[in-house]
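Listed below are the residues making up each chain.
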Protein chains: 2
Amino acid sequence: MMSNSRVFDRDAVPDVVVQRLPIYLRTLAFIADERDVISSRELGALAGVSAAQLRKDLSLFGEFGRQGLGYQVKDLIAELERILQVDRVWPVILVGAGPLGRAIVNYRNSFETWQFEIVAAFDNDLAKVGQTLGHLSVQPMEDLVSIVQDGGIEMGILAIPPGAAQPVADTMVDCGVRAILNYASTRLVVPESVRVAYIDPIVSLNGMTYYL
Amino acid sequence: MMSNSRVFDRDAVPDVVVQRLPIYLRTLAFIADERDVISSRELGALAGVSAAQLRKDLSLFGEFGRQGLGYQVKDLIAELERILQVDRVWPVILVGAGPLGRAIVNYRNSFETWQFEIVAAFDNDLAKVGQTLGHLSVQPMEDLVSIVQDGGIEMGILAIPPGAAQPVADTMVDCGVRAILNYASTRLVVPESVRVAYIDPIVSLNGMTYYL
DNA sequence: TAGATTGTTAATCGATTAACAATC
DNA sequence: TAGATTGTTAATCGATTAACAATC
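The sections below set out a description of the structure shown in this document. (Residues numbered from 1 in each chain as written. Chains lettered and ligands numbered in written order. Predicted model: local features only at pLDDT ≥ 70, side-chain atom pairs only at ≥ 80, totals over all residues. Heavy atoms only, no water.)

**Section: the protein's contact with DNA strand C**
Part 1 of the argument: The full set close to DNA strand C counts 26 residues, and A:Ser40, A:Arg55, A:Gly65, A:Tyr71 and B:Gln53 are the nearest of them.
Part 2 of the argument: What you see for DNA strand C is that sugar and phosphate hold 64% of its atoms within 4 Å of the protein.
Part 3 of the argument: One of the backbone nitrogen or oxygen atoms of A:Gly65 is found 2.8 Å away from a phosphate oxygen of DNA strand C.
Part 4 of the argument: Contacts to DNA strand C include B:Arg55, whose side-chain N or O atom sits 3.3 Å from a base nitrogen.
Part 5 of the argument: Mapped by element, the contributors of at least two residues to the surface near DNA strand C are helix H4 (51–59), strand S4 (65–66) and strand S5 (70–72) of chain A together with helix H4 (51–59) of chain B.
Part 6 of the argument: Among the elements that make up the surface near DNA strand C, the one with the highest residue count is H4(B) (4 residues).
Part 7 of the argument: Partitioning the surface near DNA strand C into residue classes produces 6 nonpolar, 11 polar and 9 charged. (Near = heavy atom within 4 Å. Polar contact = N/O pair within 3.5 Å; in protein donor to acceptor, adjacent residues only side chain to side chain. Helix = DSSP H or I, 4+ residues; strand = E, 2+ residues; numbered from the N terminus. Nonpolar A, V, L, I, M, F, W, Y, C, P; charged D, E, K, R; others polar.)

Spelled out as structure tokens, the structure:
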């Protein structure tokens with residue numbers, strides 16, 4: 001039987017499930033060279049969830065496996081890419097051309113493999129404007145609005161000091177950005193329609209020292 | 001009345017609560033210069049949780065507020081630091097001296113402000129060994145075991161390519177590391193007693209494209 | 001066929017919220 | 001005192017797990 005994807009209501013899917021799908025996708029990609037087929041038990045173990053949870057999560061979107069056999073790795077990857085909408089390329093802007101911004105742009109191959117393309121980098125430090133950041137030339141903040149609007153860009157990455165994050169986020173939201181990956185240590189206040197993901201190594205480390 | 005901290009069973013606290021405490025701490029630190037006192041409603045709004053949830057979370061550890069008034073910001077910071085065990089300095093090793101490792105070490109001031117001190121950096125690329133990485137000199141992987149053991153180091157950061165992450169993690173766990181912050185895109189298989197936190201920008205971005 | 005594994009249901013488990021007495 | 005806000009309880013809500021019929 002073919003994989004049978006179901007019409008589903010995007011808003012009806014719990015966020016906790018949506019946040020697990022990228023982990024499944026990452027795990028599948030990592031083993032795609034070695035395995036054609038994988039069971040929910042095996043994939044769950046690699047991804048850190050129970051077999052039941054993996055099957056339940058997937059069942060919200062359709063029927064992608066075969067009884068007695070498991071899941072075709074390549075097919076499941078394609079289904080997850082479609083569900084997560086990474087079957088197209090997303091242009092992304094980067095704000096902040098410090099060492100972190102440099103590391104992010106350097107991660108370029110990885111981003112592009114995963115359908116994200118950093119199309120412009122900005123910094124408010126005029127000394128950095130014009131400098132090379134990987135394949136990009138750092139642009140002044142004033143150019144941000146027109147580039148985002150003209151390019152219809154919906155995603156942005158913030159790699160700037162905490163004090164500057166909120167006003168820059170406001171500007172981005174005003175000109176159409178709807179998803180922000182925030183490396184700054186501040187929580188952002190944004191409209192409900194805008195998604196924010198936080199990357200903060202101190203928060204991650206603090207969450208582990210509790211258990212030591 | 002003074003803040004009244006309760007004896008609590010570390011293992012009885014849900015992990016989801018533990019992972020929110022660092023966010024409260026970050027938020028409090030951000031406003032500590034401006035505010036002496038804050039209510040659960042205000043702090044919750046800044047941290048992205050409901051007032052009820054904030055109070056419930058804190059109530060697992062003691063009574064830190066005053067009816068009618070709210071929480072003393074400085075006192076609550078001190079309590080959270082104690083609960084999270086960041087009232088001492090944690091030595092941390094870093095594996096991977098590429099651009100990402102460089103950005104992490106450059107983040108040094110931030111780490112040290114938050115009680116984490118990167119004490120050694122390693123790389124398996126002999127061309128990088130001996131090079132300067134911020135205040136550190138890159139060391140060969142062979143030195144890792146003795147440095148971790150002699151220093152009694154319990155925390156490590158992985159900033160290496162995915163293929164190399166698992167064996168390096170195994171080595172670290174073998175010589176006593178009990179908390180790993182993993183920037184590589186692979187899920188690590190470790191004993192139950194070892195904590196792993198993942199930082200993966202692609203996973204974070206994928207979790208947002210779903211909603212666009 | 002026999003063995004294996006899915007998709008799904010129902011039961012369990014756990015987390016969040018609403019409400020309010022206590023009290024600053 | 002009157003107003004405000006905590007800490008906590010009980011109710012609600014939601015997520016996870018166990019189990020199994022379906023079926024490859």
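Read on, since the account is not over.
**Concerning the interface of chain A and chain B**
Part 1 of the argument: At the interface, 57 residues of chain A touch 57 residues of chain B.
Part 2 of the argument: Taken together, both faces of the contact between chain A and chain B bury some 5400 Å²; the carbon and sulfur share is 71%.
Part 3 of the argument: When the area that chain A buries against chain B is broken down by residue, the three leading residues are A:Tyr210, A:Tyr211 and A:Leu212, summing to 16%.
Part 4 of the argument: For the interface between chain A and chain B, the tally reads 2 salt bridges.
Part 5 of the argument: One salt bridge in this structure joins B:Arg26 and A:Asp200, with 2.8 Å as the shortest N-O distance.
Part 6 of the argument: Along the contact surface separating chain A from chain B lie 16 residue pairs in polar contact (both at pLDDT 80 or more).
Part 7 of the argument: Taken together, the elements giving at least two residues each to the side of chain A that touches chain B come down to helix H1 (15–18), helix H2 (21–31), helix H3 (40–47), helix H6 (99–106), helix H7 (108–113), strand S12 (179–182), strand S13 (195–198) and helix H10 (201–209) of chain A.
Part 8 of the argument: In terms of residue count, H10(A) provides more of the side of chain A that touches chain B than any other element does, 9 residues in total. (Contact = heavy atoms within 4.5 Å. Buried area = accessible area lost by both parts, 1.4 Å probe. Salt bridge = Lys/Arg side-chain N within 4 Å of Asp/Glu carboxyl O.)

**Topic: the relation of the copies chain A and chain B**
Superposition of the two copies of the chain requires a rotation about an axis together with a shift along that axis.
Part 1 of the argument: Each copy superposes on the other: chain A lies on chain B with an RMSD of 0.0 Å after a rotation of 180 degrees and an axial shift of 0.0 Å. Both copies are brought into coincidence by an operation consistent with a two-fold rotation axis.
Part 2 of the argument: Of the interface residues in chain A, 100% have counterparts in chain B that sit at the interface too, so the contact is made through matching surfaces. (Least-squares fit on C-alpha atoms with pLDDT ≥ 70 in both.)

**Concerning the protein's contact with DNA strand D**
Part 1 of the argument: Taken together, the neighbourhood of DNA strand D is formed by 26 residues, with A:Gln53, B:Ser40, B:Arg55, B:Gly65 and B:Tyr71 sitting nearest.
Part 2 of the argument: Close to the protein, within 4 Å, the atoms of DNA strand D belong to sugar or phosphate groups at a rate of 65%.
Part 3 of the argument: In the environment of DNA strand D, a base oxygen lies 2.7 Å from a nitrogen or oxygen atom belonging to the side chain of B:Arg55.
Part 4 of the argument: In the model, a phosphate oxygen of DNA strand D is placed 2.9 Å from a nitrogen or oxygen of the B:Phe64 main chain.
Part 5 of the argument: Elements represented by at least two residues in the surface near DNA strand D include exactly H4 of chain A together with H4, strand S4 (65–66) and strand S5 (70–72) of chain B.
Part 6 of the argument: By residue number, the principal contributor to the surface near DNA strand D is H4(A), which donates 4 residues.
Part 7 of the argument: Of the residues belonging to the surface near DNA strand D, the class tally is 6 nonpolar, 11 polar and 9 charged.

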